[in-house]
Amino acid sequence: MQNFFGKIMEKQQKKPSLAENNGKKTWLTLLFNLLLALVITVLLLLGLWFWLRSYTQHGKEVDVPSVVGMYMPEAEAIVQTTGMVLVVTDSTFTNNVPLGAIAEQNPPANSHAKQGRQLYVVVNASCKRQVVLPDVHDLSYRQATATLRSIGVRVSEDYEWEPSEYKDLVLDVKYRGESLPAGARVDEGTELTLVVGFGKGTEMTDVPNVVGRSLPEARALLLNQRLTVGTVEFDEPIDETGRTESGDLPVVYMQTPELGQRVLEGSMVNLKLSADIEKAVTNHNTESEDEWF
């Protein structure tokens, strides 16, 4: 009997308690959940990786075509065959490509890009931008060249020499042989020729009559006689185009030396200008009477 109860007590001591069973189940459940979360995470990462490869077309690249110098319809047709998309980002002006053609592209030609990627281009302006010609008369050749280039105008290396009061000063600006006054509008990229003085000559020349002429006309007449414009005075303020506030163009009403005097080539003729035509008419009539008598 005693042995019987002893065995029962021994079995109860070996049997795990309820708390131990619950703890073991909790640990197994936690381990299962961790493994399940790990499997789900791996599956999600694999799915994301395959989706990104498909979306980015991994390993599928095309050669970027060269579209610089082409017009948009032609460029679009070529770009579409590669699976890329042509996008215009800006416009500019350059002499390197025709007007209205593509001037720049990104990515560059012959590089590699994914299908569906955008090809960004900059289109050359359809018409040339115009700039206002600054007054570079009586500036040094180097200074005048730098000033003109800063506004987008080119300067020919084949400048012309003329007699002048001072050496290396700009006497005139020409485009295709025609003089251009300050304030004239020219296309950006236009090539201009500068007339530069080399000092006084050795021959005598007659002073022409420039009374009643505008400053550009007077300058051209004097230069034709191998003379230069000296000091210029206006009786009222003028703007950058050489006109008064009311829009009138001043004309010469007094010149020194006067008509008919003989001076050395390269000499300067000083001018006074006014928008008041009566001054020029009065002065011109006075000179005519002096010549008559």
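Residues numbered from 1 in each chain as written. Predicted model: local features only at pLDDT ≥ 70, side-chain atom pairs only at ≥ 80, totals over all residues. Heavy atoms only, no water.

Caption draft 1: View of the overall build of the protein. When its secondary structure is counted, the protein shows six helices and 17 strands. Residues counted as buried form 32% of the 293 residues belonging to the protein. Sequence-distant contacts, at least 24 apart, represent 71% of the contacts inside the protein between residues at least 6 apart. (Helix = DSSP H or I, 4+ residues; strand = E, 2+ residues; numbered from the N terminus. Buried < 20%, exposed > 50% of the residue type's maximum accessible area, 1.4 Å probe, protein only. Contact = heavy atoms within 4.5 Å.)

Caption draft 2: Main features of helix α5 (residues 215–224). Buried residues of α5: Leu215, Ala218, Arg219, Leu222 and Leu223, and no others. What you see down the axis of α5 is that its buried residues fit within an arc of 130°, all on one side. Residues of α5 that are buried make contact with β8 (160–162), β9 (167–175), β12 (191–198), β14 (228–234), β15 (251–256) and β17 (268–274). A positive backbone phi angle near 60° is found at Arg226, which sits one or two residues after α5. (Arc of directions from axis to C-beta.)

Caption draft 3: The arrangement of the sheet that holds strand β5 (residues 118–124) in detail. If you walk across this open sheet you meet the three strands as β2-β5-β3, and the pairing is mixed. Each edge of the open sheet carries a strand with a single partner, namely β2 (85–92) and β3 (102–106). On average, each strand axis in the sheet is inclined to that of its neighbour by 25°, with strand direction left out of account. Of the pairings in the sheet, the one linking β3 to β5 comprises four bridges and is antiparallel in character. Of the residues in β5, the one forming a bridge with Glu104 is Val122. Across the sheet, helix α3 (residues 72–82) touches β2, β3 and β5, and the angle it forms with β2 is around 150°. (Pairing = 2+ DSSP bridges. Axes fitted to C-alpha atoms, helices over the stretch in contact; angles between N-to-C directions.)

Caption draft 4: Geometry of the pattern of salt bridges. A complete count under the given rule lists four salt bridges for this structure. Among the ionic pairs, Glu160 bridges to Lys174, the shortest N-O distance being 3.3 Å. With Glu160 in strand β8 and Lys174 in strand β9, this residue pair connects regions lying 14 residues apart in the sequence. In this structure Glu160 comes out as partly exposed when scored by relative accessible area, which is 30%. (Salt bridge = Lys/Arg side-chain N within 4 Å of Asp/Glu carboxyl O.)

Caption draft 5: Representation of the confidence of the model for the protein within the structure. Confidence in the prediction for the protein averages 83 pLDDT; 84% of positions are at 70 or higher. Below a pLDDT of 50 lies the segment residues 287–293, which in the model reaches four contacts outside its immediate sequence neighbourhood of four places, other chains included. (pLDDT = per-residue confidence, 0-100.)

Caption draft 6: Geometry of the side chain of Glu162. Looking at the secondary structure, you find Glu162 in strand β8. Among the polar contacts listed, one links the side chain of Glu162 to the side chain of Arg226, at a separation of 3.4 Å. (Polar contact = N/O pair within 3.5 Å; in protein donor to acceptor, adjacent residues only side chain to side chain.)

Caption draft 7: Looking closely at the sheet that holds β17. As summarised here, the arrangement of the three strands in space is β14-β17-β15, forming an open sheet in which the pairing is mixed. The outermost strands of the open sheet, each flanked by one partner alone, are β14 and β15. For this sheet, the mean inter-axis angle between neighbouring strands, taken without regard to orientation, is 30°. Bridging between β14 and β17 involves five bridges; their strand directions are parallel. Paired with Glu233 across the strands is Lys272, a residue of β17. Where α5 meets the sheet, it contacts β14, β15 and β17, and its direction lies at approximately 160° from that of β14.

Caption draft 8: Seen up close, helix α4 (residues 141–150). Those residues of α4 that sit buried are Ala144, Thr145 and Leu148. Buried residues of α4, viewed axially, fall in a sector of 100°; they line one side. Facing away from the buried surface of α4 by more than 90 degrees, the exposed residues are Arg142 and Ser150. Looking at the buried positions of α4, the neighbouring elements they touch are β7 (154–155), β9 and β12. Following α4 by one or two positions, Gly152 has its phi on the positive side, about 95°.

Caption draft 9: Fine view of the pairing of β12. Buried residues dominate β12, accounting for six of its eight residues. Here β7 pairs with β12 via two bridges, running parallel. The residue bridging Arg154 from the neighbouring strand is Glu191, located in β12. Where β8 lies against β12, three bridges are found, and the strand directions are parallel. Bridging from a neighbouring strand, Glu162 pairs with Gly197 of β12. Here β9 runs beside β12; their pairing, made up of five bridges, is antiparallel. Directly across from Lys167, in β12, lies its bridge partner Phe198.

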